[in-house]
Amino acid sequence: MPLSEAAARLTESISGAVRLAEPMAKHTTFRVGGPAALHVTLDTLADVAAALAILRDEDVAYTVVGKGSNLLVSDAGYDGAVLVLGRAFKKHRFEDGLLKAGAATVLGVLVQEAFHLGLAGLSWAVGIPGTLGGALAMNAGTRQGSMRDAVEAVTVYNPGKGLSLVRGRDVSWGYRSSDLVGRGIILEASLSVVEGDSTRIRAEMERFLRDRKATQPMGMSCAGSVFVNPPGGAAGQLLESAGCKGMRLGGALVSPMHANFIVNDGGATASDVIGLIHKVQMTVRDLHGVDLRPEIRFLGRFEEA
Ligand SMILES: Cc1cc2nc3c(=O)[nH]c(=O)nc-3n(C[C@H](O)[C@H](O)[C@H](O)COP(=O)(O)OP(=O)(O)OC[C@H]3O[C@@H](n4cnc5c(N)ncnc54)[C@H](O)[C@@H]3O)c2cc1C
């Protein structure tokens, strides 16, 4: 793959940073993962268009990454280009009754902004790490709400088609998934928010954060829930009743606090994490006859998978 040629052309054509062999452990909340062959920051819409044209021309595969808070990157890394949205996509504004934000905006910033403006409708998202783009791709949510409830419209960029506006009601939303990823790179979204009572919003946010702190290993290197809840059940309960809490492989540990969280307990590799994922999947299958499906996304080649 002519990566150095692609890197040289990208450096010449775009304003954002272009890096070769960038360790993805620096860009994921698991703090594991080998190098991305190319790591490219797209600071403007012109960067997006130019970079995608060059990558297509040079036949280099690519993927978009937000804050890597739902991502396990293999130890061997990714042999394509990791694209990250930069400057122009970190802005937000309140306009025409909608909170409009670039996809690189940190979701927590939007939650706080809504609170400061006395706007209700996003407090369920308090404490969810990552960017707006990642939250839209994943239909991030909790029992109290999810992105599908908040989205008015999303702007995506597709190399063949350019920019298009997708109405929230036209997106196919799944449980921790959406079909937005297949439509292109998510660049911006408008979220519907309603006027609310600041005291109530604050109380709600504090309650949700308290619940999170009481039940989740906050502050540990992890990627949130590893598995989606199977129909009619809770992955965490199945894992706990199968005795998975505290199971360990190398530096990867099933959190003693919440069985659906695998944490990097220090020095974990992606192989440790994927190995532990397989181990607990087998344990639950043997005991409960349920196949747990991962919620986290994988990037790169995993030999054991
Ligand atoms: C401690 C902790 C708690 C968590 N709690 C929750 C929770 O309560 N609820 C929940 O739903 N999740 C939770 N998560 C998981 C994670 O925070 C969410 O899935 C988050 O929305 C991912 O955002 P991100 O920017 O980090 O996306 P990434 O992890 O970088 O990417 C996730 C996916 O989105 C795609 N993507 C990212 N940006 C774009 C874009 N601009 N265009 C197209 N595709 C894109 C990526 O290719 C990838 O497939 C938690 C994670 C942690 C570490």
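The coordinates are above.
Computed from a predicted structure; not experimentally measured. (Residues numbered from 1 in each chain as written. Predicted model: local features only at pLDDT ≥ 70, side-chain atom pairs only at ≥ 80, totals over all residues.)

Caption draft 1: Region of interest: the packing of helix H1 (residues 3–13) against helix H2 (residues 45–57). One can describe the packing of H1 onto H2 by two numbers: an axis separation of 10 Å at closest approach and a directional angle of 160°. Taken as axis vectors, H1 and H2 run roughly antiparallel relative to one another. Our pair here, H1 against H2, has a crossing hand that is right-handed. Together, Ala6, Arg9, Leu10 and Ser13 of H1 and Ala50, Ala51, Ile54 and Leu55 of H2 make up the contact between the two elements. When its residues are assigned to classes, the contact of H1 with H2 shows six nonpolar, one polar and one charged. (Axes fitted to C-alpha atoms, helices over the stretch in contact; angles between N-to-C directions. Helix = DSSP H or I, 4+ residues; strand = E, 2+ residues; numbered from the N terminus. Parallel < 35°, antiparallel > 145°, perpendicular 65-115°, else oblique. Left-handed = near helix turned anticlockwise from the far one by under 90°. Contact = placed C-beta atoms within 7 Å. Nonpolar A, V, L, I, M, F, W, Y, C, P; charged D, E, K, R; others polar.)

Caption draft 2: A look at the sheet that holds strand S2 (residues 35–42). Sheet architecture is open: four strands sit in the order S1-S2-S5-S3, paired in mixed fashion. The open sheet has two edge strands, strand S1 (18–23) and strand S3 (62–64), and neither has a second partner. For this sheet the average axis-to-axis angle between neighbouring strands, irrespective of direction, equals 35°. Summarising the sheet, S2 and strand S5 (residues 78–85) pair through six bridges and their orientation is parallel. Considered in S5, the bridge of Leu38 is made with Ala81. Relative to S2, H1 is tilted by about 15°, and along the sheet it contacts S1 and S2. Sitting on the sheet, H2 touches S2, S3 and S5, and the angle it makes with S2 is about 145°. (Pairing = 2+ DSSP bridges.)

Caption draft 3: Quick peek at unusual backbone geometry. Of note, Arg31 is a non-glycine position whose phi angle comes to about 60°, a positive value. Inspection of the secondary structure assignment puts Arg31 in the loop between S1 and S2. Residue classification places Arg31 among the partly exposed positions, given that 19 C-beta atoms sit within 10 Å. Positioned with a positive phi, Arg176 is a non-glycine residue whose angle comes to about 60°. Inspection of the secondary structure puts Arg176 in the loop between strand S13 (173–174) and strand S14 (177–178). (Buried ≥ 20, exposed ≤ 12 C-beta atoms within 10 Å, placed from the backbone.)

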